[in-house]
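# Breakdown of the fold
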Amino acid sequence: MPRISKEQMQSLLKLYFIMGSNNCRIEPELVLQQAIEGGISIFQFREKGTDSMAGEEKYQFAKQLKSICISQKIPFIVNDDIELALALDADGVHIGQDDGSVKEVRKRIGDKILGVSTHNLEEVHSAIADGADYLGIGPIYTTTTKEDAKKAQGTTLIKELRRIGIEIPIVGIGGITSENAAPVIENGGNGVAVISEISLADHPLENTRRLLNTINDSFI
Ligand code: TZP
Ligand code: MG
């Protein structure tokens, strides 16, 4: 398989759901199923932080979530853990600035999808040169989900990247809800990535549908 095209990547980023076991109040499998039914376009397995799983338990959990995604044709991305992504033959990986060389990861995963978190122009240029398929930019708004999150930056960087003609697919992340998602799209993002807006919702299906409606309306 060749590298994913820009157009395909852009459409996959529309509603990007990220989750690990400690982001959920109910069975993660149920949350994921509802999120898929509600219209997410891609899923990231992100098992980290307090009380997170490791080793065989993490592997089996990831495998379970991957099979839910596969059965419904939702691409399955693994956060940070390249070994796990390769062992599960995931569709891709997402890495941050502290997760090793982007170039090395690109070499290891071949043509799988590669997402990189970036926070400034320098990181953006390097990630693109080193083989990223898309960029995660944030936190857009204040988030309590990521323990070591940087300060919220709004949509300034996304807007600036588009202004100077950078075309790589971009997803905004951090504190995004259906109430505040619109500016991310209006300023040049191809989609939004959320954890708690779906994972902690009383009704994950409803929240997913509401988010998707906001995003669709913002593209027009
Ligand atoms: N990276 C930047 S902010 C964030 C990550 C993983 C957390 C997003 O979670 P939430 O609950 O959507 O704010
Ligand atoms: Mg990371």
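The structure presented is a predicted model; accordingly, all values stated were derived computationally and were not measured.

### Description of the pairing of strand S8 (residues 191-194)
The alternating pattern of S8 places Gly191 and Ala193 on one face and Val192 and Val194 on the opposite face, and all of these are buried. Here strand S1 (residues 15-19) pairs with S8 via three bridges, running parallel. Among the inter-strand pairings, leucine 15 is bridged to a residue of S8, identified as valine 192.

### Describing the environment of leucine 157
By the element assignment, leucine 157 lies in helix H7 (residues 156-163). Residue class for leucine 157 comes out buried when judged on its relative accessible area of 10%. Residues leucine 157 and valine 124, spaced 33 residues apart in sequence, show a C-alpha to C-alpha distance of 9.9 Å. If we ignore the near neighbours within four places in the chain, the residues touching leucine 157 are Thr118, His119, Asn120, Leu121 and Ile137.

### Digging into the sheet that holds S8
Spatial strand order, S1-S2-S3-S4-S5-S6-S7-S8: eight strands in a closed barrel with parallel pairing. The average undirected angle you get between the axes of adjacent strands in this sheet is 25°. Both strand S7 (residues 170-173) and S8 contribute to a ladder of three bridges, which runs parallel. Residue glycine 172 lies in a different strand from S8, and its bridge partner there is valine 192. Against the sheet, helix H3 (residues 55-71) touches S1, strand S2 (42-45) and strand S3 (76-79), its axis set at about 175° to S2. Here helix H6 (residues 121-129) sits on the sheet and contacts strand S5 (113-118) and strand S6 (134-137); the angle it forms with S5, its principal contact strand, is near 165°.

### With respect to the pattern of salt bridges
Applying the stated rule across the entire model yields 11 salt bridges. For the salt bridge of glutamate 83 with arginine 108, the shortest nitrogen-to-oxygen distance reads 2.5 Å. Placement of the pair is glutamate 83 in helix H4 (residues 82-87) and arginine 108 in helix H5 (residues 102-109), with a sequence separation of 25 residues. A salt bridge links glutamate 160 to arginine 163, with the shortest nitrogen-to-oxygen separation between them at 3.0 Å.

### Concerning the coordination of the magnesium ion (ligand 2)
At 2.1 to 2.2 Å from the magnesium ion (ligand 2) lie its protein donor atoms, namely Asp80 (OD) and Asp99 (OD). Taken together, the positions of aspartate 80 in the loop between S3 and H4 and aspartate 99 in the loop between strand S4 (92-95) and H5 put the pair 19 residues apart, joining distant regions of the chain. Classification of aspartate 99 as partly exposed rests on a relative accessible area of 29%.

### Here we look at the state of the cysteines
Tallying each qualifying case throughout the model produces zero disulfides. Cysteine cysteine 24 is unpaired, with the sulfur of cysteine 69 as its nearest cysteine sulfur at 13 Å. Of the residues examined, cysteine 69 reaches a relative accessible area of 0% and is grouped as buried.

### As for the packing of helix H2 (residues 28-38) against H3
In contact at an axis separation of 10 Å, H2 and H3 are set at 25° when each is read in the N-to-C sense. When the interaxial angle is binned, H2 and H3 end up roughly parallel. The crossing of H2 and H3 is right-handed. Packed against H2, whose contacting residues are Pro28, Glu29, Leu32, Gln33 and Ile36, the element H3 presents Phe61, Gln64, Leu65, Ile68 and Cys69 at the interface. For the contact of H2 with H3, the class distribution of residues is seven nonpolar, two polar and one charged.

Conventions used here
Numbering of residues starts from 1 in every chain and runs along the sequence as written. A letter from A marks each chain and a number from 1 marks each ligand, given out in the order of writing. Thresholds applied to this predicted model are a pLDDT of at least 70 for local features of residues and 80 or more for the giving and counting of side-chain atom pairs; totals over whole chains, interfaces and linings are not thresholded and use all residues. Think of the side-chain values as coming from all heavy atoms in the structure, minus any hydrogens and water. Relative accessibility thresholds used throughout: buried, under 20% of the residue-type maximum; exposed, over 50%; partly exposed, between the two (1.4 Å probe, protein chains only). We count a stretch as a helix when DSSP gives it H or I for four or more residues in a row; a strand needs E for two or more, and each element gets its number in order from the N terminus. If DSSP finds at least two bridges between two strands, the strands pair. Residues are treated as being in contact if the distance between any of their heavy atoms lies within 4.5 Å. For every element, the axis is a line fit to its C-alpha atoms; helices are fit only across the contacting stretch, and the angle between N-to-C directions ranges from 0 to 180 degrees. Only one rule defines a salt bridge in this text: a Lys or Arg side-chain nitrogen within 4 Å of an Asp or Glu carboxyl oxygen. Water is absent from the atoms considered, so a metal site may look incomplete; donors are defined as N, O and S atoms within 2.8 Å of the metal, or 3.2 Å for Na, K and Ca. The disulfide criterion used throughout: a pair of cysteine sulfur atoms within 2.5 Å. An angle below 35 degrees is read as roughly parallel, one above 145 as roughly antiparallel, one from 65 to 115 as roughly perpendicular, and any other as oblique. With the far helix as reference, a near helix turned anticlockwise by less than a right angle produces a left-handed crossing, and one turned clockwise produces a right-handed crossing. Classification used: nonpolar for Ala, Val, Leu, Ile, Met, Phe, Trp, Tyr, Cys and Pro, charged for Asp, Glu, Lys and Arg, polar for all others including Gly.

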